[in-house]
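Coordinate analysis (summary)
So you can see what is in the structure, the chains are spelled out below.
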Amino acid sequence: MADLAELRANIDEIDRQIIALLADRFKFTEEVGVYKERHALNAQDPEREAQQFRKLAAYAEQCGLNPAYAESIYRHIMDLVIARHMELRTIKK
């Protein structure tokens, strides 16, 4: 069994990867927000969200993660994105 320092080092590396992926994700969601602003689309798309949450639950189950954890994490991420999309609408006006 790995010692505590090794386990924590593994967690730190995963956290580094998660942050890098989140940075990439937010770059794309920023582009989506700009697109929505230019085309006068709503900041929030409930149908798309529901579709995403279904896919995320399936991904979580495939990976052995409690789907409720994935939903909670992604609800927060999506709320941040929606808030940014709303902000883009007020900045551009």
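Residues numbered from 1 in each chain as written. Predicted model: local features only at pLDDT ≥ 70, side-chain atom pairs only at ≥ 80, totals over all residues. Heavy atoms only, no water.

Quick notes on the environment of Ala 5
Inspection of the secondary structure puts Ala 5 in helix 1 (residues 4–38). Placed 43 residues apart in sequence, Ala 5 and Arg 48 show a C-alpha to C-alpha distance of 41 Å. (Helix = DSSP H or I, 4+ residues; strand = E, 2+ residues; numbered from the N terminus.)

What to know about unusual backbone geometry
With a phi angle near 50°, Ala 40 is a residue other than glycine that sits in the positive phi range. The exposure class of Ala 40 is exposed, given its relative accessible area of 57%. (Buried < 20%, exposed > 50% of the residue type's maximum accessible area, 1.4 Å probe, protein only.)

What about the packing of helix 2 (residues 46–63) against helix 3 (residues 67–91)?
In the contact formed by helix 2 and helix 3, the axes pass within 9 Å of each other and the chain directions differ by 145°. Note that helix 2 runs across helix 3; the crossing there is right-handed. On helix 3, the residues touching Glu 49, Gln 52, Phe 53, Leu 56, Ala 57, Ala 60 and Glu 61 of helix 2 are Pro 67, Ala 70, Glu 71, Tyr 74, Arg 75, Met 78 and Ile 82. Within the contact of helix 2 with helix 3, the residues separate by chemical class into nine nonpolar, one polar and four charged. (Axes fitted to C-alpha atoms, helices over the stretch in contact; angles between N-to-C directions. Left-handed = near helix turned anticlockwise from the far one by under 90°. Contact = heavy atoms within 4.5 Å. Nonpolar A, V, L, I, M, F, W, Y, C, P; charged D, E, K, R; others polar.)

Concerning the layout of surface pockets
There is about 480 Å³ of room inside the largest pocket. Within the residue set of the lining of the largest pocket, elements represented by two or more residues are helix 1, helix 2 and helix 3. Partitioned by chemical class, the residues of the lining of the largest pocket number nine nonpolar, five polar and six charged. The computed volume of the second largest pocket comes to approximately 260 Å³. (1 Å grid on protein atoms, 1.4 Å probe; cavity = no way out; pocket = protein on both sides within 12 Å on 5 of 7 lines; lining within 4 Å. Points joined across faces, edges and corners; volume = space filled by probe spheres on them.)

Considering a nonpolar patch on the surface
Judged by side-chain polarity, Met 1, Leu 4 and Leu 7 come together as a nonpolar surface patch covering roughly 390 Å² of accessible area. Residue position: Leu 4 is located in helix 1. (Patch = residues over 30% accessible without salt bridge, like charges linked within 9 Å, V, L, I, M, F, W, Y side chains within 5 Å. Areas by Shrake-Rupley, 256 points an atom, 1.4 Å probe, with all protein chains shown as cover. Salt bridge = Lys/Arg side-chain N within 4 Å of Asp/Glu carboxyl O.)

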